Amino acid sequence: ATVCRENQSPRLKTWEKLEEMIKILGPAGMSDEEDAVDPTRGDEVHRVVHVTWRRMIGEELEVVDTTKKRWPELFSGQGAKPVPRVRDDSVGERSFTTRAAFEGRPKSFYSADYLGSLQDTVRARLKVREGDRDKFEWFTKEELAHAHDR
């Protein structure tokens, strides 16, 4: 979002929403990864471990992941060598996290199937935020499709 602000990009709203989404999720809401090998090319990849209790946000996170590939000049280049992340079953059987669900996030950040499967007492412990001020305006397909435009 910072680069969009500096360049007065028309995509500023989308990047501010992505930034807000990541802040709301926090580290506890991020996917885990497993080391794997791409069977078609033999390259090392990180296979995303699916978070069963979180809303499906793969498309949103893919925008963030691919930005570094498309616009490397926006990043410092420091840190470990980037390894491709794979969000599908192409490198083996899909796996799911065993990490407990995070507490106190807006309702729309949780999987509806997950919330529907919970007993009332368990759901109450999650402290799901359901008020109007806790609604998150999710992305349109158009916003995501043009997020990389400068």
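Here, every reference points to the structure presented above.
Residues numbered from 1 in each chain as written. Predicted model: local features only at pLDDT ≥ 70, side-chain atom pairs only at ≥ 80, totals over all residues. Heavy atoms only, no water.

Q: Where do I start with the sheet that holds strand S1 (residues 32–37) in this structure?
A: Whenever strands of a sheet pair, they do so through backbone hydrogen bonds, lying parallel or antiparallel. Overall, mixed pairing links the three strands, which are arranged S1-S2-S3 in an open sheet. Either end of the sheet is taken by a strand with one partner, and the two such strands are S1 and strand S3 (85–86). Direction of pairing for strand S2 (residues 44–49) relative to S3: parallel, over a ladder of two bridges. By the bridge assignment for S3, His 46 is matched with Arg 85. (Pairing = 2+ DSSP bridges. Helix = DSSP H or I, 4+ residues; strand = E, 2+ residues; numbered from the N terminus.)

Q: Just checking my understanding: could you explain the pairing of S2 for this structure?
A: Residues in a regular strand project their side chains so that they alternate between the two faces of the sheet. Buried residues dominate S2, accounting for five of its six residues. Where S1 hands over to S2, the hairpin turn is made up of six residues, of which Gly 42 adopts a positive phi near 80°. (Buried < 20%, exposed > 50% of the residue type's maximum accessible area, 1.4 Å probe, protein only.)

Q: What is the right way to look at the pattern of salt bridges in this model?
A: Side chains that carry opposite charge are capable of pairing whenever their charged atoms lie near each other. Applying the stated criterion to the full structure yields seven salt bridges. The shortest N-O distance in the salt bridge between Lys 13 and Glu 137 comes to 3.5 Å. One end of the pair, Lys 13, is in helix H2 (residues 12–25); the other, Glu 137, is in the loop between helix H5 (120–126) and helix H6 (141–145), and 124 residues separate them in sequence. Salt bridges sharing partners connect three or more residues here, namely Lys 13, Lys 17, Glu 137 and Glu 143. (Salt bridge = Lys/Arg side-chain N within 4 Å of Asp/Glu carboxyl O.)

Q: How do you make sense of the pairing of S1 when you look at a structure like this?
A: Across six bridges, S1 lies against S2 in antiparallel orientation. If you follow Val 37 over to S2, its bridge partner there is Glu 44.

Q: In this structure, what is going on with the nonpolar core? I would like to understand it.
A: Note on soluble globular proteins: their nonpolar side chains tend to be buried together. With 23 residues, the main nonpolar core has Met 21, Phe 109, Leu 126, Phe 136, Trp 138 and Phe 139 as its most contacted residues. Secondary structure elements with two or more residues in this core: H2 and helix H3 (58–70). In terms of residues, this core owes the most to one element, H2, which gives five residues. The residues contacting Phe 136, other than those within four sequence positions of it, are Lys 17, Glu 20, Met 21, Ile 24, Ser 108 and Phe 109. (Core = buried A, V, L, I, M, F, W, Y, C linked by side-chain atoms within 4.5 Å. Contact = heavy atoms within 4.5 Å.)

Q: Would you mind showing me how to read the side chain of Arg 105 here?
A: For Arg 105, the location among the structural elements is in the loop between S3 and helix H4 (112–117). Of the buried charged residues, Arg 105 lacks a salt bridge, with Glu 103 as the closest side chain of opposite charge at 7.5 Å. A polar contact is formed between the side chain of Arg 105 and the backbone oxygen of Glu 103, at a distance of 2.6 Å. In this structure, Arg 105 is in contact with Ile 24, Leu 25, Gly 26, Tyr 110, Lys 127, Val 128 and Arg 129, ignoring residues within four places of it in sequence. (Lys, Arg positive; Asp, Glu negative; His and termini not counted. Polar contact = N/O pair within 3.5 Å; in protein donor to acceptor, adjacent residues only side chain to side chain.)

Q: Any chance you could explain the side chain of Glu 60 here in plain terms?
A: Position of Glu 60 among the secondary structure elements: in helix H3. Although Glu 60 lies buried, it forms no salt bridge, and the closest oppositely charged side chain, Arg 55, sits 5.2 Å away as judged by the N-O distance. Once residues lying within four places of it in the same chain are set aside, the contact partners of Glu 60 are Leu 18, Met 21, Trp 138, Phe 139 and Leu 144.

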